[in-house]
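For reference, the chains in residue letters:
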Amino acid sequence: MEYFIDTIDVDEIIINNQNFTYLLETHKSYYEKQLNKISSNFINNLAKVFINQYRLKYYATLNQLIKVNNVDRSEFDFYNMNSFDSFLENTENTIKVFTEKDLKILKSIIGIADVFLRNALNENNFESLINSFYKLKDKLESNKFVLNNDQSITIARDYGTPLVKNKSVELKIR
């Protein structure tokens, strides 16, 4: 079975800041809320796409390494099934990226993880494959795109430059 693997570049995505003057003439607050929600959901959905692209590249790299190395794969299967996949599935469901700037930061984080994946193939090195995942995990958590296991974190996210100024959301986890 063949699987679809392709990449999307952030710069290829057209995110235009439209001026909805006529739409906002009446019921301005309603339409501003709707436009802000659409924009932030679109960006967050793109972030999920980037995470899934990384997962596919990770598996493609693992497949190539196993193909050229006759190794005992039980350890790698254990980590994939118990740690890597659960974290990446959770990340896909809980990632919080709402601004274009955050999306570009996420893409650069994934770019760093991709360097480790390429290095794993070039040097035939399983350790680089594993380091790729841990670099991604560490950077996602340190940039507060996903929550780490520390349950006392307070997160304040800015929704970028919304149509309504000074809009922010604070989430307290206990």
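For the structure, check the block above.
The following refers to the structure shown. Please read these numbers as outputs of a predicted model, since none were measured by experiment. (Residues numbered from 1 in each chain as written. Predicted model: local features only at pLDDT ≥ 70, side-chain atom pairs only at ≥ 80, totals over all residues. Heavy atoms only, no water.)

1. Side note on a nonpolar patch on the surface
Where nonpolar side chains cluster on the molecular surface, the patch consists of Phe78, Tyr79 and Tyr134 and spans about 300 Å² of accessible area. With respect to the helices and strands, the residue Phe78 is situated in helix H2 (residues 74–94). (Patch = residues over 30% accessible without salt bridge, like charges linked within 9 Å, V, L, I, M, F, W, Y side chains within 5 Å. Areas by Shrake-Rupley, 256 points an atom, 1.4 Å probe, with all protein chains shown as cover. Salt bridge = Lys/Arg side-chain N within 4 Å of Asp/Glu carboxyl O. Helix = DSSP H or I, 4+ residues; strand = E, 2+ residues; numbered from the N terminus.)

2. Digging into the nonpolar core
Formed by 29 residues in total, the largest nonpolar core has its most connected members in Tyr54, Ile95, Val97, Leu106, Leu129, Leu136 and Leu140. Looking at this core, the elements with two or more residues in it are helix H1 (28–68), H2, helix H3 (100–123) and helix H4 (126–142). It is H1 that provides the largest number of residues to this core, a total of 9 residues. (Core = buried A, V, L, I, M, F, W, Y, C linked by side-chain atoms within 4.5 Å. Buried < 20%, exposed > 50% of the residue type's maximum accessible area, 1.4 Å probe, protein only.)

3. Quick notes on the packing of H1 against H4
As a packed pair, H1 and H4 sit with axes 10 Å apart at the nearest point and diverge in direction by 165 degrees. When the axis of H1 is compared with that of H4, the two are roughly antiparallel. Relative to H4, the crossing made by H1 is left-handed. Between H1 and H4, the contacting residues are Ile51, Tyr54, Tyr58, Thr61, Leu62, Leu65 and Ile66 on the first element and Phe126, Leu129, Ser132, Phe133, Leu136 and Leu140 on the second. (Axes fitted to C-alpha atoms, helices over the stretch in contact; angles between N-to-C directions. Parallel < 35°, antiparallel > 145°, perpendicular 65-115°, else oblique. Left-handed = near helix turned anticlockwise from the far one by under 90°. Contact = heavy atoms within 4.5 Å.)

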